[in-house]
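Here is what each chain is made of, one letter per residue.
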Amino acid sequence: MYILGINAFHGDAAAVIIKEGKLIAAVEEERFNRFKHCAGFPAESIRYCLKAAGISLQDVEHVGISRDPSAHLHKKVFFAATRAAKQAAGGSVRKYADVATLEEGFGTLSNGSHPSGPGLFRQVRDRLGNAAKVRDLKEELARALGVPRSDLRAKFHNIEHHRAHLASSFYVSPFERAALLSIDGFGDFISTMWAVGEGNSIEILGQVEYPHSTGILYTATTQFLGFPHYGDEGKVMGLAPYGQPRFIEEFREIIRTEDAGQFRLNLEYFRHHAEGVDMTWDQGSPVIGRIYSDEFRRTFGPARVPGASLTDRERDIAASLQLRLEEVCFHVLKHLHQLTGLTDLGLSGGVAYNSVMNGRILLNTPFRRVFIQPASGDSGTALGVCFQIYNGVLNHGRGDEMEGCYTGPDFTNDQIRTELEGNKLAFENFSDEDVTKRAAQDVANGLVVGWFQGRMEFGPRALGNRSIIADPRRAEMKDILNERIKKREPFRPFAPSILEERVDDYFEQTHPAPTMLMVYQIKPKMRKLIPAVTHVDGSGRLQTVSRKVNERYYQLISEFNELTGVPVVLNTSFNENEPIVCTPQEAINCFRNTRMDVLYLGNYAIRRY
Ligand SMILES: [Fe+2]
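What you see is a predicted model; the values in this text were computed from it and never measured. (Residues numbered from 1 in each chain as written. Predicted model: local features only at pLDDT ≥ 70, side-chain atom pairs only at ≥ 80, totals over all residues. Heavy atoms only, no water.)

**Observations regarding the sheet that holds strand β20 (residues 539–545)**
Within a sheet, adjacent strands bond to each other through the backbone by hydrogen bonds, running parallel or antiparallel.
(1) Moving on: Spatial ordering of the open sheet is given by β15-β23-β22-β16-β17-β21-β18-β20-β19, a layout of 9 strands whose pairing is mixed. Edge positions in the sheet fall to β15 (428–429) and β19 (518–521), since each has one partner strand and no second.
(2) Moving on: The pairing of strand β18 (residues 495–499) with strand β21 (residues 568–573) spans 4 bridges and is antiparallel. Counterpart to I498 in the pairing with β21 is V568.
(3) Moving on: Against the sheet, helix α14 (residues 355–364) makes contact with β19 and β20, and its axis sits at roughly 65° relative to β19, the strand it touches most. (Pairing = 2+ DSSP bridges. Helix = DSSP H or I, 4+ residues; strand = E, 2+ residues; numbered from the N terminus. Contact = heavy atoms within 4.5 Å. Axes fitted to C-alpha atoms, helices over the stretch in contact; angles between N-to-C directions.)

Right, here's the structure in full:
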C-alpha cells in the first residue's frame, strides 16, 4: 500500500511516499524548480516520489495534504467575526481580507497580493482559490500530473497542519512513548501544539492559537533587523551570540508567558492580527509582508535598512530575542513535562530549526532525549501526513526509526561519467576505498572540496551527500569559503561534522545530533583546534556522523582523522545562494561558477588547475 503526503501552497512545498509504512522517498520542490523555499504545488517532487517507488499515480491508495481548511473552524469564525465588528466600528476596508483569512485559516496566504483597491479583490480571489485547491486536492493533483481525475483511485485526506508536524516527530522516532511539541509560525489557525504519543496514536494536550506565535515574533524581529527574506531567521540566530540581551525586559513585554504553558504576544507590536499577513510567491520563493508594527520603532528606534552595517543595537536585539524565545519554549516544555511525566521529546515546527534553542533544551528542561526529524519545518509535514494516515488513521503498527535523511535523487557512476564527458571535463576515477582517502587528503591540504554522493538530503541541511567540505583547523577557511563560494554575511558560522564516538572529546554535551539541529558548546581546550567551526561564543552546530547512517561520509572523516588527528570536518551546503544542488550538472555548474578547488562526484573527481 502506497501513501503519498504533500505540503502544497505553503512555504517549502514537498512530497513524500511510503510503502507499507516504509519511507521510500522524501524531497522538496525547491531542489527541482530552483526557487528557494518554493511554495506552489510540488508536481516535480511527486513525479520523483512515484519514480523512486516505481509506480504511477493510479497505484497510490492514499493521498494527504498537511492542511485542513475545516479544522478549528469555530475559532476562525469567532476571530473573524470579532475583527469584523472592530473594523465596522473603525470603518476599515480590510473586511475583505477577513473573508479570505477566514476561508484560509491563515495557514497559507495569497499568490499575488495587493493591499488595496482592485488588488485587494485579487488577493481575496487568490486566497479563496488556494483554499479551494487545498479542498480539491484530487483535481489539483490530476491536473498537475496530467492524469485524468477519473483514473485516480486514492482516498484523499486533509491532515491538520500541527497533527502533521507532531506525527513527523513521533511515528519515525525511536520512542514508543514521548511528549511531543510542534512550535511554529502558523498553520490551520494554531501556532503551537503539544501532545503525547504512544504506539500508533497521538493525543493532543494543548495548543496556542492565532494570533499568538513564537514564529511570528522571530520573523517580525528578523524583518525589523533588516533581513527581509523568507528563512532569514537563521541569520538572526547566528547574530545573537555577538550581542548582549540588554533588551530582554522589552521582549518579556512583547511576549508574555501565562499559566498552563500558554503565551501571548503584545499585539501592539504586530500587524498580522489586524491586517493579515501578505505572503506571495509570484516568483516561486515566498515573500512575507511586514509583520512588525510601529511600536517596534518606538521601542527600539528605526528599523535597520537591509544591507546597512550592523551595530551593537542589532546584535543586542538579536541576543534578547533569542533568549526570550528560549524562555518561552522552555516554559511550554516544562508544562508538557508536568502533564506527561515523560523525558523523551519529539520536537517539530519551523521554530524547531532554531538549533541554539534545541541544544539548550537538555540543559534547561527535564527532557533527556530529543528527536527532531531532519525536515522539522513545513516540508516535513508531508512526511507527517504519510505516517498520520498509516499509523493514526489506518491504525497500522509502528515501523522503522528514520535514521538519516538521504531520501532524494541519486545518480550512478555511469550517469555521472556521462555528465562529465558531456561537459568535456578532464576527470579522475577512483576505487571506493581511494575516493575517501584522496578527498580527505585534499581537505587536509586546505582545499575546498565539493562532495556529491548518493541520495540527496531531505530538509535544509546538507549532511554529507550534497556538501562542501573544508579543514576546520584553518581559521582562515571561513573567509575563504565566503569569498570564493558562499558570499554569506561574515558573522554566520560554519558547522562541524564529527565522528559520533568522538563527540565527548570535543563538545560539552553528547546527545546525538545527526541532523545538525543542535548547537552545543565546544570544550574550551578544543576550540583552538577547530577555529573555523567555532562560533564567537564557543559553540558549534554539530552533525554527529555514524557509519551506519552514512558510511562514505563517515569514512571520509575517519581518513581525515588518520591524517590530522582531528575527527571533524567543516561541512557547508553545496550551493551558492540557491537551493542545494540536486543533480551532477548543478554540482558542475556550481564548481564552475565558484572557486571550489576540487569536486568529487561519486567515484569521479574534477580539479581546478
Ligand atoms: Fe508549520
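**Let's talk about the sheet that holds strand β14 (residues 369–372)**
(1) Moving on: In spatial order, the strands read β8-β7-β6-β13-β14; together these 5 strands make up an open sheet with mixed pairing. Looking at which strands have only one partner, the edges of the open sheet turn out to be β8 (201–209) and β14. In this sheet, adjacent strand axes meet at a mean angle of 20° when their direction is disregarded.
(2) Moving on: Looking at chain direction, strand β6 (residues 177–187) and strand β13 (residues 344–348) are connected through 4 bridges and run parallel. Within β13, the position partnered with A179 by the bridge is L345.
(3) Moving on: Against the sheet, helix α7 (residues 161–168) contacts β6, β7 (190–198), β8, β13 and β14, and its axis sits at roughly 140° relative to β6.

**Thoughts on the pattern of salt bridges**
(1) Moving on: Under the defined criterion, the tally for this structure stands at 41 salt bridges.
(2) Moving on: Two residues, R360 and E326, come together in a salt bridge whose shortest N-O distance is 2.7 Å. Taken together, the positions of R360 in helix α14 and E326 in helix α13 (residues 312–340) put the pair 34 residues apart, joining distant regions of the chain. (Salt bridge = Lys/Arg side-chain N within 4 Å of Asp/Glu carboxyl O.)

**Considering the coordination of the iron ion**
(1) Moving on: Around the iron ion, the protein contributes the donor atoms H161 (NE2), H165 (NE2), D184 (OD) and D378 (OD), which lie 2.1 to 2.3 Å from the metal centre.
(2) Moving on: One way to put it: the 4 donor atoms around the iron ion meet at angles of 90 to 170°, and that makes the site irregular. (Donors = N, O, S within 2.8 Å, 3.2 Å for Na, K, Ca; no water. Tetrahedral: all angles 85-135°; square planar, octahedral: opposite > 155°, others 65-115°.)

**Considerations on the side chain of T544**
(1) Moving on: By the element assignment, T544 lies in strand β20.
(2) Moving on: For T544, a relative accessible area of 6% puts it in the buried group.
(3) Moving on: Polar side-chain contacts of T544 include one of 2.9 Å to the backbone nitrogen of A513. (Buried < 20%, exposed > 50% of the residue type's maximum accessible area, 1.4 Å probe, protein only. Polar contact = N/O pair within 3.5 Å; in protein donor to acceptor, adjacent residues only side chain to side chain.)

**What about the packing of aromatic side chains?**
The relative placement of two aromatic rings is captured by the distance of their centres and the angle of their planes.
(1) Moving on: For the structure shown, the criterion picks out 20 aromatic pairs.
(2) Moving on: Taking the centre distance of 5.3 Å and the plane angle of 90° together, the rings of F247 and F300 count as edge-to-face. Separated by 53 residues along the polypeptide, F247 in the loop between α9 (233–239) and α10 (248–254) and F300 in helix α12 (residues 294–300) bring together distant segments of the chain. With respect to burial, F247 and F300 carry one shared label: buried.
(3) Moving on: The interplanar angle of 90° and the centroid separation of 5.3 Å between the aromatic rings of F427 and Y604 together place this pair among those described as edge-to-face. Taken together, the residues F427 in the loop between α16 (413–422) and β15 and Y604 in strand β23 (residues 604–607) connect sequence positions 177 residues apart.
(4) Moving on: Within the aromatic cluster, the residues linked to one another by ring pairs are F224, F247, F251, Y269, F270, Y292, F296 and F300.
(5) Moving on: The ring of F591 carries the charged tip of R608 above its face, separated from the ring centre by 4.5 Å. (Phe/Tyr/Trp six-rings, centres within 6.5 Å; stacked < 30°, edge-to-face > 60°. Lys NZ or Arg CZ within 6 Å of the ring centre and 35° of its normal.)

**As for the nonpolar core**
(1) Moving on: If you look at the biggest cluster of nonpolar residues, it comprises 116 residues, and the most contacted ones within it are L181, F270 and L345.
(2) Moving on: Tallying contributions element by element places α13 first for this core, with 10 residues.
(3) Moving on: Ranked by size, the runner-up nonpolar core spans 36 residues in total, among them I159, L166, F371 and Y406. (Core = buried A, V, L, I, M, F, W, Y, C linked by side-chain atoms within 4.5 Å.)

**Brief notes about the side chain of D12**
(1) Moving on: Its place among the elements puts D12 in the loop between β1 (2–7) and β2 (14–19).
(2) Moving on: Here D12 sits buried without a salt bridge, and the closest side chain of opposite charge, R31, lies 7.8 Å off (N-O distance).
(3) Moving on: What D12 contacts, discounting residues up to four positions off in sequence, is N7, E30, H37, C38, Y230, D378 and S379. (Lys, Arg positive; Asp, Glu negative; His and termini not counted.)

**Considerations on α14**
(1) Moving on: With 7 of its 10 residues buried, α14 lies for the most part within the structure.
(2) Moving on: Residues S355, V356, M357, N358, G359, I361 and L362 constitute the buried set of α14.

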